[in-house]
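Chain and residue survey
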Amino acid sequence: MAKKKRKNNYYSWQTKRLLDFVNYEIQEIDFYESCYEKLERRVSLKVLSVMLFFTKKQYIKQPGSLITVYRKANQNTGIHIPFEERYEQYYVVLHDRGFI
């Protein structure tokens, strides 16, 4: 009997969902970073620290931090929250849990 070929499924669906979330947030950061540069607006320290949290991949060093942010992001389903407000909410959650 021939062996069945296994698919190269390295990640579970939960991990893929978190990685997709991170990729989306990094794309948002790149877009808004260019907008801030063109409009010459200042970024608040709270928003900047969460932007660095994603771009420097600090969530890898701190287990549970990415899940905390993901839960906060999906808490208000169906409601679009502007970038700065959303990242300030992320900051509050991460700061309360001691990740930032």
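Here, the structure is the one placed above.
Let me sum up the structure you'll find in this document. Please read all numbers here as calculations on a predicted model, not as lab measurements.

Below, the discussion takes up the overall build of the protein chain. Counting its secondary structure elements, the protein chain contains 4 helices and 0 strands. The order of α-helices and β-strands along the protein chain, N terminus first, is α-α-α-α. Buried residues in the protein chain amount to 28% of all 100 residues. Taking as baseline every contact in the protein chain between residues at least 6 positions apart, the subset at least 24 positions apart corresponds to 69%. For the protein chain, the accessible area works out to roughly 8,000 Å², and carbon and sulfur atoms hold 52% of it.

On the secondary structure map, Phe21 appears in helix α1 (residues 13–39). Residues Phe21 and Tyr70 lie 49 residues apart in sequence; the distance between their C-alpha atoms is 7.4 Å.

Among the surface-exposed residues, Leu45, Leu48 and Leu52 lie close enough to one another that they form a single nonpolar patch of about 280 Å² accessible area. With respect to the element layout, Leu45 can be found in helix α2 (residues 45–55). For Leu45, a relative accessible area of 69% puts it in the exposed group.

Membership of the largest hydrophobic core comes to 20 residues, with the highest contact counts inside it found for Phe21, Phe54, Leu66, Val69, Phe83, Tyr87 and Tyr90. When contributions to this core are tallied by element, the ones reaching two or more residues are α1, α2, α3 (65–73) and α4 (83–97). Excluding residues within four positions of it along the chain, Phe83 makes contact with Glu28, Ile29, Tyr32, Tyr36, Val47 and Met51.

Once that is clear, we can look at α4. For α4, spanning 15 residues, the distance from its first C-alpha to its last is 21 Å, which sits close to the expected 21 Å at 1.5 Å a residue. Among all positions of α4, only Phe83, Arg86, Tyr87, Tyr90, Tyr91, Val93 and Leu94 are buried. Of the surrounding secondary structure, the elements contacted by the buried residues of α4 are α1, α2 and α3. Positive backbone phi, at 85 degrees, marks Gly98, one or two positions downstream of α4.

This part is about α2. Along α2, the residues classified as buried are Val47, Ser49, Val50, Met51, Phe53 and Phe54. Elements that come into contact with the buried residues of α2 comprise α1, α3 and α4. With its phi angle positive at about 55 degrees, Lys57 sits one or two positions after the end of α2.

Rules of the game
One numbering rule holds for all chains: residues counted from 1, following each sequence as written. Totals for whole chains, interfaces and linings use all residues, but because this is a predicted model, local features are given only for residues with pLDDT of at least 70 and pairs of side-chain atoms are given and counted only at 80 or more. Hydrogen atoms and water are omitted, and side-chain values are computed over all heavy atoms in the structure. Numbering of helices and strands runs from the N terminus; a helix is a DSSP stretch of H or I covering at least four residues, while a strand is a stretch of E covering at least two. Burial here depends on accessible area, computed with a 1.4 Å probe over protein chains only, as a share of the maximum for the residue type. Under 20% is buried, over 50% is exposed, and the range in between is partly exposed. Note on contacts: a residue pair qualifies if any of its non-hydrogen atoms lie within 4.5 Å across the two residues. All accessibility values rest on the Shrake-Rupley procedure with a 1.4 Å probe; residue burial counts only the protein chains present in the view. Patches in this entry comprise residues that are over 30% relatively accessible and not in a salt bridge; like charges within 9 Å are linked, as are nonpolar side chains (Val, Leu, Ile, Met, Phe, Trp, Tyr) within 5 Å. One speaks of a salt bridge when a side-chain nitrogen belonging to Lys or Arg is within 4 Å of a carboxyl oxygen belonging to Asp or Glu. Grouping buried Ala, Val, Leu, Ile, Met, Phe, Trp, Tyr and Cys residues that are joined through side-chain atoms within 4.5 Å yields what is termed a nonpolar core. Between the first and last residue of a helix there are one fewer steps than residues, each counted as 1.5 Å, and that sum is the expected span.

Read these as geometric descriptors, not functional statements.
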